[in-house]
Amino acid sequence: MFLFAVTAAEKLQKIPTAFWINVGIAVLIIVGVVIVLRKLAGTNKVVLAVVSALIISVVGFNWVYERNEPKFLTPFVDKLAGFFPTKAGYNAKQQTAPKS
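So, here is what we can say about the structure in this document. (Residues numbered from 1 in each chain as written. Predicted model: local features only at pLDDT ≥ 70, side-chain atom pairs only at ≥ 80, totals over all residues. Heavy atoms only, no water.)

**Considerations on the packing of aromatic side chains**
- Using the criterion set out here, one finds two aromatic pairs in the structure.
- Both rings, one in Phe 19 and one in Trp 20, keep their centres 5.2 Å apart while their planes meet at 75°; by these two values the pair is edge-to-face.
- Given the relative accessible area of 42%, Phe 19 is considered partly exposed.
- Each ring, one from Phe 61 and one from Phe 84, has its centre 4.9 Å from the other, and the planes form 75°; the classification is edge-to-face. A residue pair is termed long-range when its members are at least 10 positions apart, and Phe 61 in helix H3 (residues 45-66) and Phe 84 in the loop between helix H4 (74-81) and helix H5 (87-95) qualify at 23 residues.
- Accessibility expressed as a relative area gives 44% for Phe 61, which makes it partly exposed.
- On the basis of relative accessibility, which here comes to 33%, the residue Phe 84 falls in the partly exposed class. (Phe/Tyr/Trp six-rings, centres within 6.5 Å; stacked < 30°, edge-to-face > 60°. Buried < 20%, exposed > 50% of the residue type's maximum accessible area, 1.4 Å probe, protein only. Helix = DSSP H or I, 4+ residues; strand = E, 2+ residues; numbered from the N terminus.)

Structure representation (structure tokens):
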């Protein structure tokens, strides 16, 4: 019984191009964040923390409301969506008649 040896290069060729594009974008984003944080390292740490928390909150709440988060964050956003309003939930309530 012969086993066909599959090389690493053959395995890499089977990975879709979209995956490599996403990996490249993620690396560029990480490098950009590191560069920006190094530039901001000289600023007041409290101001940097408050601005960072504000930006993360706005993006996070937008993902919960619009449900347009990245696929890998869907389990985390699903847990948060139970506590915060979503666009679908708001539209569903608007479609029902008020109770008298």
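Right, picking up where we left off after that structure.
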